[in-house]
Amino acid sequence: MRLFLRDQWAFLTMFFIQLFLLILIFALDGYWNPSLISYAVFLCFFFGGCFLAFRYLSNRLVYQRLSAPVRTLEELTLAHGNSPLGRAMDQTFQDQYRLFKEQLHAYETKQRDHTTFIQQWVHQMKTPISVIHLLLQDEDDPRVESVREEVDRIKRGLETVLYSARLDRFEQDFLIEPVSLRRLAQNVVSENKRLFIRNQIYPELAVDEHWVVESDEKWLSFVLNQLLTNAVRYSDKKGSKVTIRSFARGKHVVLEVEDSGIGIPSEDIQRVYQPYFTGENGRKYPESTGMGLYLVKEICGRLSHEVELESKVGVGTKVRIIFFAVVPTLQERKLDES
Amino acid sequence: MSTIMIVEDDPKINQLLQGQLVKYGYETVNVENFEQVLDVFTRANPDLVLLDVNLPKFDGFYWCRQIRLVSNCPILFISARESKMDQVMALENGADDYITKPFDYDVVLAKIRSQLRRAYGIYAAQESERTFEVAGLRLFLERMELTMHGEKVELSKKEALLLEALLNQYPRVVSRERLLEKLWDEQFVDENTLNVYITRVRGKLKELGLDGAIETVRGSGYRLKVTWEDGQ
C-alpha cells in the first residue's frame, strides 16, 4: 500500500493542483457558491478515489510482490494478476527466470562433468600407483623407501581430491550403519602404519571395544585418516605419541585424537575449518593444503557429528568428534532387559 | 596346486600379480581377450578368480554374474573403485570379497588363501604352503616352524613374520622400518618391541645351534648371515 501511494504521488499532486485551480477559477470568476463548490470537490474526490481504488485493486499483486522481500526463486514464476501491467511483469519475470534457469543448468552440467572427470582421472591415476606400489613391494633399498614415501603422499593427495569431489554428491553416497569405533580406529591406524613408522610417531589406541555409533564407515574413516595424518605431521618430536581415545559425555560418545605436537596459534583456531586456510603452521609445513579440517568439518556436519578442537602452541592439539547416535550394543541391551 | 584366473586389463598389474602368485606356488590363467572371459573360465576351470571391475566391453559385475551361472568357485574383486555402492554391487553380483587398489601382495595372498580354505577345505591351503629356505634353514610359514637338519623349533606369529622377511630378502639387509611394518598388524609395534622380538628370534636360532645368524647393520637394519656352512 505504501509503495502504491508513493508510486501515485505524481497523480495525487496533480489531482490537488487541479482541485485547487478549479476552486480558484470558480472564486476568481466571482461565482462563489459553497454548496456547488463542495459538490464539485466531492465529485472530484469520488472519481479520483474510484480511479485509485481501481488501479490499486487491479495491480494489488504487483505492489504486494514488489514490496515483499524475495525468498525463493519460485516466486518469480507466480502470476501478478490480470491487469496489463501484471501480465507484462509475469512475462518478463518468466523470461528472466527461464534464462536464469538455463544458465544455471548449463553451469550445473559443467560442474557435474568436471566432478565426473576428476573422479575418473583419480581412478585412472590409481592404476599407475598400484603398479608402482606392487613393483616396490619386494624391494628394500633406502632409495626405494623414499619412492614409497612419495607414492604414499600421492595416494593421500588423490584420496583428498576424490573425497572433496564426492562431497557435492554426498546425499547419494552414504550409508548409515552401526560402526564400531575400535575396529574403525584400528583399521585406519594400520592403513597409516608406514606414515607412523617413518615419522617415528607411535599411536596409542584407547578406544573401548563396546562403542558403536551410527555413521558411515567410509566417510568416517576418511575423517579419522585426515585427523591422524595431521596429528603425525604436526608432531614434532620423534618418538612421541598420538592417542586415539573414546569416552562418554552424557548420552553422547566422543572420539578424540590427541597429539603432543606444535599446536595451533590461538588466532588461527577460529579459522581452521575454512577451506584453503593454512595459517601459521601452513607456512612452516609446505605440505598443508588447508583442506583437511575443512573436509572433516563438512563431512561431520553431514553425518550429524560435531567437531571440537582444542590446541595449545607447543603442547599439542586435541580434536574430538562427538557422536549423538550411539548404538546400544548387544551386551548393554541384555543388561537393560535383565 | 590351485589354479587362479586373473581378469585384469592393465598388463603390468596383471604381470606382477601373476609373478607373485607363481612365486607362491599357484598356477595362473590369464585372459587376453576380454570378450571371452567366460570361455576361458570354462576351459581352464580355475579354483579362484581375481576379477577387475573396469574392463573393456563388459564390466566385472557382468562377468561375475556369467561365471556364477556355471560355477560356485570363489571370486575376488580387485578394483580402484572404493565406494560403498561398488562393494555392495560386487557382493550382490555374487563375489566373495572385494580388494581395493592399490593393494599389498600380502593382503591379496591372505584373502586368496582364506577363500581357498573356505571353499576347498584345509587340505587345499596346506598344498600351497609357503616355505623359505636358506642354506638348509627352512621356515614353514603356515605351521610356524623352523627346521634345520631335522631339528625343529616352534615360532610365534611375529617371530615367523620376522624370519620370513629375513629369509625372503637374504642376503640383503632388511630395514628396521620394513620389519616394523611387517610386524604391525592389530597391535602397533615400537622400536623397543622390535628389539625384543629380534632377541627372541636369535634365541630360537640358537636352539637350532645357529649363532650370530642375524647380523645387525648399523643405521640400517638386520641381515641374515649364513655362519653355519663353513663349520660343516
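Treat the numbers as computed from the prediction; the structure is a model and nothing was measured. Counting starts from 1 at the beginning of each chain's written sequence and moves along it residue by residue. Chains carry letters and ligands carry numbers; both start at the beginning, A for chains and 1 for ligands, and go up in the order they are written. Given that the model is predicted, a residue must reach a pLDDT of at least 70 before its local features are reported, and side-chain atom pairs must reach 80 or more before they are shown or counted; all residues, however, enter totals for whole chains, interfaces and linings. Computation of side-chain values covers all heavy atoms of the structure but excludes hydrogens and water.

### Considering the overall build of chain B
Convention followed: Here a strand is any run of E in DSSP of at least two residues, a helix any run of H or I of at least four, and the numbering for each starts at the N terminus. Relative accessibility decides the category of a residue: with a 1.4 Å probe and only protein chains considered, values under 20% of the type maximum give buried, values over 50% give exposed, and everything between is partly exposed. Contacts: residue pairs with any heavy atoms within 4.5 Å of one another. Here the Shrake-Rupley method, with its probe set to 1.4 Å, supplies the accessible areas, and only the displayed protein chains count as covering residues. His is not counted, nor are the chain ends, whereas Lys and Arg count as positive and Asp and Glu as negative. Charge placement uses NZ in Lys and CZ in Arg. For Asp and Glu, CG and CD serve respectively.
For chain B, the helix and strand inventory stands at nine helices and twelve strands. Considering only C-alpha atoms, chain B reaches an extent of 60 × 35 × 30 Å along its principal axes. Put simply, chain B has 232 residues, and 50% of those count as buried. Long-range contacts, defined as pairs at least 24 residues apart, comprise 56% of the intrachain contacts of chain B with a sequence gap of at least 6. Surface exposure of chain B reaches about 11000 Å², of which carbon and sulfur atoms provide 46%. Mean positive and mean negative side-chain charge positions of chain B (30 and 37 charges, respectively) differ by 3 Å.

### Things to note about the packing of aromatic side chains
The geometry of an aromatic ring pair is captured by two quantities: the separation of the ring centres and the angle between the planes. To be explicit about the condition: A pair of aromatic rings is counted whenever rings of Phe, Tyr or Trp (Trp by its six-membered ring) have centres within 6.5 Å, and the orientation is called stacked for planes under 30 degrees apart, edge-to-face for over 60 and tilted otherwise. Whether a charge sits over a ring depends on NZ of Lys or CZ of Arg being within 6 Å of the ring centre and within 35 degrees of the ring normal.
Inspection of the entire model under this criterion finds 19 aromatic pairs over all chains. Note on Phe58 of chain B and Tyr62 of chain B: the rings are 4.1 Å apart at their centroids and 20° apart in plane angle, and the pair reads as stacked. On the basis of relative accessibility, which here comes to 23%, the residue Tyr62 of chain B falls in the partly exposed class. Judged by centre distance (5.6 Å) and plane angle (55°), the rings of Phe61 of chain B and Phe77 of chain B are tilted. On the criterion of sequence distance, the pair formed by Phe61 of chain B in helix H3 (residues 60–70) and Phe77 of chain B in strand E4 (residues 75–79) is long-range, its members being 16 residues apart. Assigned by exposure class, Phe61 of chain B and Phe77 of chain B land together as buried. Between the NZ or CZ atom of Lys297 of chain A and the centre of the ring of Tyr273 of chain A, over which it lies, the distance is 4.5 Å.

### A look at the UniProt feature "transmembrane region" (unreviewed entry) in chain A
To keep it simple, the criterion reads: UniProt positions are given in the numbering used here, feature names are shortened, and annotations may be inferred rather than shown by experiment.
In the numbering adopted here, UniProt assigns the feature "transmembrane region" (unreviewed entry) to residues 9–31 and 37–57 of chain A. End C-alpha atoms of residues 37–57 of chain A are separated by 30 Å, and the span's content is 100% helix alongside 0% strand.

### What to know about the UniProt feature "modified residue: 4-aspartylphosphate" (unreviewed entry) in chain B
All names here are of chain B. Per the UniProt annotation, the sites labelled "modified residue: 4-aspartylphosphate" (unreviewed entry) are Asp52. Positionally, Asp52 belongs in strand E3 (residues 48–52). Taking the relative accessible area as the measure of exposure, Asp52 reaches 4% and is therefore buried. Apart from the residues lying within four places of it in its own chain, the contact partners of Asp52 are Val7, Glu8, Asp9, Gly60, Phe77, Ile78, Ser79 and Lys101.

### Here's the deal with helix H9 (residues 191–207) of chain B
Two residues of an α-helix separated by three or four positions point the same way, owing to the 3.6 residues in each turn. As a reminder, the rule being used: One less than the residue count of a helix, multiplied by 1.5 Å, gives the span that helix is expected to have.
Compared with an ideal rise of 1.5 Å per residue, which puts 17 residues at 24 Å, H9 of chain B spans 25 Å between its outermost C-alpha atoms and is within 8% of the ideal. A positive backbone phi angle near 85° is found at Gly209 of chain B, which sits one or two residues after H9 of chain B.

### Brief notes about empty space enclosed by the protein
For clarity, the cut-off: Think of a 1 Å grid over the protein atoms and nothing else: a 1.4 Å probe that fits but is trapped marks a cavity, an open set flanked by protein within 12 Å on at least five of seven lines marks a pocket, and residues with an atom within 4 Å of a point count as lining. Grid points are joined across faces, edges and corners, and a volume is the space filled by probe spheres set on the points. Throughout, the ten residues Ala, Val, Leu, Ile, Met, Phe, Trp, Tyr, Cys and Pro are labelled nonpolar, Asp, Glu, Lys and Arg are labelled charged, and all others, Gly among them, are labelled polar.
One pass over the structure, following the stated rule, counts two cavities of 30 Å³ or more. What lines the largest cavity is Ile132, His133, Leu136, Gln137, Arg148 and Arg194 of chain A together with Arg178 of chain B. A breakdown of the residues in the lining of the largest cavity according to their chemical character gives two nonpolar, two polar and three charged. When its volume is computed, the second largest cavity comes out at roughly 40 Å³. Every residue along the wall of the second largest cavity is listed here: Glu145, Arg194, Ile197 and Arg198 of chain A together with Glu177 and Glu181 of chain B. Counting residues per element, the ones that place at least two in the lining of the second largest cavity are helix H8 (193–199) of chain A together with helix H8 (176–183) of chain B. Per element, the largest residue contribution to the lining of the second largest cavity is three residues, and it comes from H8 of chain A.

### Thoughts on the layout of surface pockets
Residues and elements named next belong to chain A. When its volume is computed, the second largest pocket comes out at roughly 660 Å³. Together, 36 residues line the second largest pocket, and Asn230, Arg233, Tyr234, Ser288 and Gly292 are the ones closest to its centre. Those elements that place two or more of their residues in the lining of the second largest pocket are helix H6 (142–166), helix H9 (217–233), strand E5 (252–259), helix H11 (279–284), helix H12 (292–302) and strand E7 (316–323). Looking at the lining of the second largest pocket, the element that brings in the most residues is H9, giving six residues. Residues that form the lining of the second largest pocket fall into these classes: 13 nonpolar, 15 polar and eight charged.

### Points about the interface of chain B and chain A
Note the threshold: Put simply, buried area is how much 1.4 Å-probe accessible surface two parts lose in total, over both of them, once they are put together. A carboxyl oxygen of Asp or Glu within 4 Å of a side-chain nitrogen of Lys or Arg is what we treat as a salt bridge. Residues adjacent in sequence count toward polar contacts only when both atoms are side-chain atoms; beyond that, a polar contact is any pair of N or O atoms within 3.5 Å, and within protein one must be able to donate a hydrogen and the other to accept it.
Opposite the 34 residues of chain B that make contact, chain A presents 35 residues. When residues of chain B are sorted by the area they lose upon contact with chain A, Glu82, Lys84 and Trp184 of chain B head the list and together hold 22% of the total. Salt-bridge contacts for Arg194 of chain A lead to Glu181 of chain B; the nearest nitrogen and oxygen are separated by 2.9 Å. Viewed at the interface, chain A and chain B are joined by eleven residue pairs in polar contact (both at pLDDT 80 or more).

### With respect to the packing of helix H2 (residues 9–28) of chain A against helix H3 (residues 34–58) of chain A
Residue and element names in this part refer to chain A. Quick reminder of the rule: Here an axis means a line fitted to C-alpha atoms, over the contact stretch when the element is a helix, while the angle between two N-to-C directions is reported on a 0 to 180 degree scale. The cut-offs work like this: below 35 degrees is roughly parallel, past 145 is roughly antiparallel, 65 to 115 is roughly perpendicular, and the gaps in between are oblique. Less than a right angle of anticlockwise turn of the near helix away from the far helix marks a crossing as left-handed, whereas a clockwise turn marks it as right-handed.
Running from amino to carboxyl end, H2 crosses H3 at an angle of 165°, the nearest separation of the two axes being 11 Å. Here H2 is positioned roughly antiparallel relative to H3, judged by the angle of their axes. Read as a crossing pair, H2 and H3 show a hand that is right-handed. Each of Phe11, Leu12, Phe15, Phe16, Leu19, Leu22, Ile23 and Phe26 in H2 lies in contact with H3, whose residues at this interface are Leu36, Ile37, Ala40, Val41, Cys44, Phe45, Gly48, Phe51 and Leu52.

### Some points on the state of the cysteines
All names here are of chain B. Heads up, the rule is: Note on terminology: disulfide denotes any pair of cysteine sulfur atoms within 2.5 Å.
Within the structure shown, the criterion is met by zero disulfides over all chains. Cys73 forms no disulfide, and the closest cysteine sulfur to it belongs to Cys64, at a distance of 9.2 Å. Classification of Cys73 as buried rests on a relative accessible area of 5%.

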